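Coordinates in review
Next come the chains, spelled out residue by residue.
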Amino acid sequence: MEKEKYPKDAMRVLKETSRTFYIPITFLKADLKYSVASVYLVLRAIDEIEDHEDISNETKFDLLMQLSELFKRPFIEEEYLEIIAPIKEQLPEVSIRLYEWIQVCPDGSLSLMMETASEMAFGMAKWANKNWQIHTKEDLDDYTYYVAGCVGVYLSKLWNWSYGQETNEKLAIGFGRGLQAVNILRNQKEDREERGVNFTPDGWTREQLFAYADENLAEANAYIETLNERSTVLFCRLPLAFAHKSLAAMKKGQKKMSRAEVEQTVEEVQSEVDAK
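Below: a short report on this structure. Keep in mind it's a predicted model, so treat the numbers as computed, not measured.

1. Description of the overall build of the protein
Counting its regular elements, the protein contains 14 helices and zero strands. Going from N to C terminus, the protein has its helices and strands arranged as α-α-α-α-α-α-α-α-α-α-α-α-α-α. Rg of the C-alpha trace for the protein: 18 Å, near the compact-globule value of 19 Å for 276 residues, within the 12% margin. For the protein, the spread of C-alpha atoms along the principal axes amounts to about 50 × 45 × 35 Å. When burial is assessed residue by residue, the protein has 53% of its 276 residues classed as buried. If you take every contact in the protein between residues at least 6 apart in sequence, the share linking residues at least 24 apart comes to 74%.

Laid out in structure tokens, this is it:
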């Protein structure tokens with residue numbers, strides 16, 4: 001299968017899956033754009049398994065562990081389809097076509113992407129087996145690392161691969177964790193009432209979860225200050241700006257940003273980056 005066969009279709013599915021991440025990904029230069037688009041689609045594909053309401057935790061654990069091992073060796077489409085066969089009819093397009101999203105990734109960053117996918121699948125399997133019951137801050141740190149912090153590490157490795165950018169791994173993890181903490185706050189009520197899942201450590205108030213998000217977003221701010229390539233800065237600043245504004249809205253009791261606020265934020269970030 002040719003590498004360049006799917007880029008346009010990959011970007012279509014990416015846009016349909018998450019417009020919030022589609023916008024910043026389009027700012028990246030070509031090698032990084034397809035490296036990030038590929039990993040986003042691959043991770044979203046396995047996330048759809050972890051999040052699925054009608055698939056048992058036991059099945060999720062088994063399939064995700066198999067996928068974690070599959071990402072460690074040459075990825076064969078037939079083997080992947082065999083693994084997901086018991087649940088294929090329940091999965092969306094982005095999951096069924098996972099093999100194609102791997103093909104989008106440039107050869108130079110493919111091993112990095114596969115390592116990240118394997119690590120995330122393992123972490124998702126681990127927490128599905130625990131029914132995502134977070135009891136301590138260490139639990140929360142572990143969960144947010146596997147579903148977001150490790151992506152921050154992947155991105156940092158990409159910057160280094162593409163143009164030699166050195167970054168701090170702790171700050172890169174904070175970047176991912178901060179974005180995930182905002183998602184946890186946004187979905188806290190639905191997770192508890194509809195899924196019976198608790199991502200808040202025992203005894204923590206919502207204010208303490210806000211503080212956790214603020215702490216990690218501060219590391220994200222520091223992380224971005226270390227970057228020096230325009231498209232990378234734009235890519236990182238946009239989701240971070242969305243996170244800060246979403247957090248501010250939730251602290252005021254609002255659910256999320258409006259479409260107009262999203263568009264205004266894109267313009268603001270572009271102007272700020274161009275002014276530097």
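Let's pick the thread back up.
2. Looking at a negative patch on the surface
Together, E53, D54, E193 and E194 make up a region of like negative charge exposed at the surface. Relative to the elements of secondary structure, D54 occurs in the loop between α3 (30–51) and α4 (57–70).

3. A closer look at the nonpolar core
Ranked by internal contacts, the top residues of the largest apolar core, which has 100 residues, are I46, F71 and W159. For this core, the element with the highest residue contribution is helix α9 (residues 137–163), accounting for 13 residues. Discounting chain neighbours no more than four positions away, the residues touching F71 are V42, I46, L98, I102, M114, A117 and S118.

4. Some points on the packing of aromatic side chains
Under the definition given, this model contains eleven aromatic pairs. Just above the ring of W127 sits the side chain of K130; from NZ or CZ to the centre is 4.6 Å. The residue whose ring lies beneath R195 is W132, and the NZ or CZ to ring-centre distance is 5.1 Å.

5. What to know about the layout of surface pockets
When its volume is computed, the largest pocket comes out at roughly 1,600 Å³. Along the wall of the largest pocket there are 48 residues; nearest its centre are S18, F21, Y40, N183 and R186. Going through the elements one at a time, α2 (19–27), α3, α8 (107–129), α9, α10 (169–186), α11 (188–195), α13 (230–251) and α14 (259–275) are the ones with two or more residues in the lining of the largest pocket. When residues in the lining of the largest pocket are grouped by element, the largest group, nine residues, is from α3. Among the residues forming the lining of the largest pocket, the class breakdown is 25 nonpolar, nine polar and 14 charged.

6. Observations concerning α8
Helical geometry note: an α-helix holds 3.6 residues per turn, so side chains three or four residues apart project in the same direction. Along its 23 residues, α8 runs 34 Å from first to last C-alpha, staying within 8% of the 33 Å computed at 1.5 Å per residue. Where α8 terminates, the next one or two residues include N131, which has phi positive at roughly 55°.

7. A short note on the side chain of Q188
Counting through the fold element by element, Q188 comes out in helix α11. Of the residues examined, Q188 reaches a relative accessible area of 10% and is grouped as buried. In this structure Q188 touches T200, R206 and L209, once residues within four positions along its chain are discounted.

8. Thoughts on the packing of α3 against α9
Where α3 contacts α9, the two axes come as close as 11 Å, and the packing angle between them is 165°. Overall, the two elements α3 and α9 adopt an arrangement that is roughly antiparallel. Here α3 and α9 pass one another in a crossing that is right-handed. Facing D31, L32, S35, V36, V39, L43 and E50 of α3, the residues of α9 in contact are Y143, V151, Y154, L155, L158, W159, W161, S162 and Y163. For the contact of α3 with α9, the residue count by class is twelve nonpolar, two polar and two charged.

What counts and how
Residues numbered from 1 in each chain as written. Predicted model: local features only at pLDDT ≥ 70, side-chain atom pairs only at ≥ 80, totals over all residues. Heavy atoms only, no water. Helix = DSSP H or I, 4+ residues; strand = E, 2+ residues; numbered from the N terminus. Rg over C-alpha atoms; globule rule 2.2 N^0.38 Å. Buried < 20%, exposed > 50% of the residue type's maximum accessible area, 1.4 Å probe, protein only. Contact = heavy atoms within 4.5 Å. Patch = residues over 30% accessible without salt bridge, like charges linked within 9 Å, V, L, I, M, F, W, Y side chains within 5 Å. Areas by Shrake-Rupley, 256 points an atom, 1.4 Å probe, with all protein chains shown as cover. Salt bridge = Lys/Arg side-chain N within 4 Å of Asp/Glu carboxyl O. Lys, Arg positive; Asp, Glu negative; His and termini not counted. Charge placed at Lys NZ, Arg CZ, Asp CG, Glu CD. Core = buried A, V, L, I, M, F, W, Y, C linked by side-chain atoms within 4.5 Å. Phe/Tyr/Trp six-rings, centres within 6.5 Å; stacked < 30°, edge-to-face > 60°. Lys NZ or Arg CZ within 6 Å of the ring centre and 35° of its normal. 1 Å grid on protein atoms, 1.4 Å probe; cavity = no way out; pocket = protein on both sides within 12 Å on 5 of 7 lines; lining within 4 Å. Points joined across faces, edges and corners; volume = space filled by probe spheres on them. Nonpolar A, V, L, I, M, F, W, Y, C, P; charged D, E, K, R; others polar. Expected span 1.5 Å × (residues − 1). Axes fitted to C-alpha atoms, helices over the stretch in contact; angles between N-to-C directions. Parallel < 35°, antiparallel > 145°, perpendicular 65-115°, else oblique. Left-handed = near helix turned anticlockwise from the far one by under 90°.

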